[in-house]
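# Notes for the structure review
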Amino acid sequence: MLDYEKIKKDFLLVSKQIKGKPIVYFDNACMSLKPRQVIDAMNEYYFEFPACSGRSSHKLGEIVTKKVREARQIIAKFINAGEQEIVFTRNTTEAINLLAHTFPWVKGDLVLTTDKEHNSNLIPWQMLVKNKGIRHRVVKSKDDGTFDLEKYKELAKEARLISMVYTSNLDGTTIPAKEIIKIAHENGALVFLDAAQSAPHKKIDAKDLDVDFLAFSGHKMLGPTGTGVFYAKYSLLEKLEPFMVGGDTVEYSTYTKHEMLKAPEKFEAGLQDYAGIIGLGEAVKYLEAVGFDSIKKQEYELNKYITDELSRWPKIKIIGPGDPALRSGIISFYIDGVDMHQFALMLDEMSNIMIRSGQHCVHSWFNDKKIYNSARVSLYFYNSLEEASVFINSLDKIMKII
Amino acid sequence: MICIVALIIFSILGIFSATHRQMAKEALDCVFRRVTLRPCNTGFKEKIKSHMVAKLLNRSTFLARAFNRYYEVFAWIFFILMIASTFYVVKGGYNYYLYGSCNGLNQSGFCAFDPKGENNKVTEINASCGIEEKSEKNVSLDGVDLSSFPTKQVGAKDTIVLIGCYECDYTRKAYPDIQKLVREKKTNYIFAHYPAKENTNFLSEVGYCVYKEYGDRFWSFNDYLFTVDKVEIYQSEYINTILKNFDFDISKINDCVNDSATKEAVTNQVNQLRKTHLYGTPTVFINGKAFVGPKPYRVYKSVLNKFIIF
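Here is what the cut-offs are and how they apply
Residue numbers restart at each chain and count upward from 1, following the sequence in its written direction. As a convention, the first chain written is A and the first ligand written is 1, with the rest following in written order. Two thresholds apply to this predicted model, a pLDDT of at least 70 for residue-level local features and 80 or more for giving and counting side-chain atom pairs, whereas whole-chain, interface and lining totals are computed over all residues. Side-chain descriptors were evaluated using all non-hydrogen atoms of the structure, hydrogens and water having been removed beforehand. Each domain's extent was defined by an automatic or database domain assignment. By definition in these notes, contact holds between two residues if any of their heavy atoms fall within 4.5 Å. Buried area counts how much accessible surface, traced with a 1.4 Å probe, disappears from two parts once they are put together, with both parts' losses summed. In what follows, salt bridge is the name for a side-chain nitrogen of Lys or Arg lying within 4 Å of a carboxyl oxygen of Asp or Glu. Two N or O atoms count as a polar contact when they lie within 3.5 Å, although within protein this holds only if one can serve as hydrogen donor and the other as acceptor, and sequence-adjacent residues are included solely when both atoms are side-chain atoms. Secondary structure elements are defined from DSSP: runs of H or I of at least 4 residues count as helices, runs of E of at least 2 residues count as strands, and each element is numbered from the N terminus. Gly is placed with the polar residues, together with every amino acid not listed as nonpolar (Ala, Val, Leu, Ile, Met, Phe, Trp, Tyr, Cys and Pro) or charged (Asp, Glu, Lys and Arg). Note that a disulfide, as used here, is simply two cysteine sulfur atoms within 2.5 Å. Exposure categories follow from relative accessible area, calculated using a 1.4 Å probe and restricted to protein chains: below 20% of the type maximum is buried, above 50% is exposed, and the middle band is partly exposed. Each Phe, Tyr or Trp ring, with Trp reduced to its six-membered ring, pairs with another whose centre is within 6.5 Å; inter-plane angles below 30 degrees give stacked pairs, above 60 give edge-to-face pairs, and intermediate values give tilted ones. Here, over-ring charges are defined by two tests on the NZ atom of lysine or the CZ atom of arginine: distance to the ring centre within 6 Å, and angle to the ring normal within 35 degrees.

## Focus on the domain arrangement of chain A
Residues and elements named next belong to chain A. Partitioning chain A into domains gives domain 1 (4–26 + 291–401) and domain 2 (38–289). Each of domain 1 and domain 2 has a C-alpha centre, and the two are 28 Å apart. Facing the 29 residues of domain 1 at the interface are 31 residues of domain 2. Across the domain 1 to domain 2 interface the summed buried area is about 2200 Å²; carbon plus sulfur atoms make up 58%. Between domain 1 and domain 2 we count one salt bridge in total. Applying the counting rule to domain 1 against domain 2 returns ten residue pairs in polar contact (both at pLDDT 80 or more). Counting residues per element, the ones that place at least two in the side of domain 1 that touches domain 2 are helix H1 (4–10), helix H12 (292–310), strand E14 (330–335) and helix H14 (363–369). At five residues, the largest contribution of residues to the side of domain 1 that touches domain 2 is made by H14. In terms of residue class, the side of domain 1 that touches domain 2 is built from 16 nonpolar, seven polar and six charged.

## Considerations on the state of the cysteines
Under the defined criterion, the tally for this structure stands at two disulfides over all chains. Here Cys102(B) engages in a disulfide with Cys111(B); their sulfurs sit 1.9 Å apart. Between Cys102(B) and Cys111(B) the sulfur-sulfur dihedral comes to about 50°; the bridge is accordingly right-handed. Under the relative-accessibility criterion, Cys102(B) is labelled buried at 13%. Judged by relative accessible area, which is 3%, Cys111(B) ranks as buried. Residue Cys209(B) pairs covalently with Cys256(B) via a disulfide, S to S 2.1 Å. Judged by the sign of its S-S torsion, about -85°, the bond between Cys209(B) and Cys256(B) is left-handed. One end of the pair, Cys209(B), is in helix H7 (residues 201–214); the other, Cys256(B), is in helix H11 (residues 250–258), with 47 residues separating them in the sequence. For Cys361(A), which is in no disulfide, the shortest distance to another cysteine sulfur is to Cys30(A) and amounts to 8.0 Å. A relative accessible area of 26% means that Cys361(A) is categorised as partly exposed.

## A short note on the packing of aromatic side chains
To describe a pair of aromatic rings, one takes the distance between the centres and the angle between the planes. Considering all chains together, one arrives at 40 aromatic pairs over all chains under this definition. With a centroid separation of 5.1 Å and an interplanar angle of 70°, the aromatic rings of Tyr45(A) and Tyr46(A) are classed as edge-to-face. Here Tyr45(A) falls in the buried class, since its relative accessible area comes to 8%. Residue placement shows Lys152(B) over the ring face of Trp219(B); its charged tip is 4.9 Å from the ring centre. Note that Arg298(B) overlies the ring of Tyr96(B), its terminal NZ or CZ placed 4.7 Å from the centroid.

## What to know about the side chain of Asn373(A)
Residues and elements named next belong to chain A. You can see Asn373 is positioned in the loop between H14 and strand E17 (374–378). For Asn373, a relative accessible area of 4% translates into the label buried. At 2.9 Å, the side chain of Asn373 forms a polar contact with the side chain of Asp339. Within polar-contact distance, the side chain of Asn373 engages the backbone nitrogen of Met340 at 3.2 Å. The contact partners of Asn373, leaving out residues within four places of it in the chain, are Tyr334, Val338, Asp339, Met340, His341, Gly358, Gln359 and Phe366.

The following block contains the structure:
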């Protein structure tokens, strides 16, 4: 059970007002709000021990090294991974690029993606098609937006890497990852999961999934911007050659050679965002304290309420399955002939309701479906039924003029 | 169209506000794209439309619906209104520069640049003076004989006639500018005293006599009467002191003043001035063109510089 009073205290923005009206923040798929604890942890770094980690042996350096290590351990435990299997990146996009640029490609290798990939999990593969001669195929979803396992089974036979979005930022659908991974492994392929929209909303067990690679961003799960995580099974991580090297990636160097450090250090070139990493560790602690059962329950209740209300207007078309239970905290919708940017801007102007509009970095899907754009409500546990009601009331007004 | 309207409005507001400056930049980008025959895909138009519709929606669904549906029509209306108002603002600014009034020469309607109408204020001549109609159109030198009034620099290309009143504040305000103009442009200059408030009627006769008896020495006497504290000229007793200070022969001047021929001449002068249909002082004629009220110096000067376009 969520303690909403505590949430209000932790997330100051939830109680804040603009022009006398409360803020209704429904753009969590893009960026989550940050609890006070995360900000305090980052401030503590800057105020108390703003030093380097892993290289300075003075007192402050020791504290930072310890704090960063603790954060790595917390995050590893969060997805049931080993500490050495966690590489810090700036975000999911960087993690995918890390994989794309370090994977030992052979010309003709096939990469499979879904048809609802964020550009971050599409463009890197398109670049490799052009530069390294790999192949890229898309597994189209069923008409209801759910994953087409049969089509996948066919295509997986030839694949070298399956790189798929775990939970879609477009419609909130989650792919049957465990089954996909099992099939991939049976066919000798490796699997990468883009868990940017999963990690904030559901428990991920990397070992149980048996996933080979996985990535998520800190900023969507209460953490600071500029933080992300790349997970890989250690045996695989060791085999990848880093594509960005330099400070803190080598054991030693001479004028002619060097000895790389072991993973994950060899992938973390240059000075890291220590405040961010510590903040991310704090965000994970906060999430675990709230509990994914509570998060899921709250998101479902809000999603169901909004989905039911939206059904009052036949003009509104929800992207993805009709059942809110299959759409995480996301409700993407559009109205034929209406620019959803304008729709979102009106909500913002009228009632401080902040939602995303556009193609949500999934241009390929919109172009394929010939849909101009959509509005996306993305919920999180700190959103309330009262806020959802404000949204529906404002929507009601807008629908009267469209 | 809305981008152009927004660009102008936000540019003006942007002078005072950083937020509007950013909006002006976005509008400029939008306008630039349209001018270069590219679509305005910056989202600016949608942003403006959404803001306006949303604001209306909080007040009236009917208005919001109408605005949303006929947005392009409204955008065109705003554009046309903006062009029209811009034209009037520019014209007003131009008029203000040239005539000291946004509404044109001697027009006393509201002017944002001169909200108190200082440039058109006159000391009105009351109806008993026999003025027919208070209209600047009628104010003219046609058929008026000014030969008996103090005149200097005869033969110059340009002629300035100042009809003013020693006691009147607005004449006193315009007086230094007229003197400066006469001095700088070396114009023919005719001064006519018209006692609008009739407290200083007697000074018309004194001035007439000083000019008659002492010629060009009249001008420094005249300057003094316009610059001295008004209390000194309200009462005729003080005038002897002033005349004495100027080293004029008091008895000679008084004899002249008391002469019936002088009274007849001054009456004739007033009658000539009434023929101009003037309705207040100061009234200045520059090469025959009438300026009623104290105009800024640039207005008088621009006439001689031939800077009038319309």
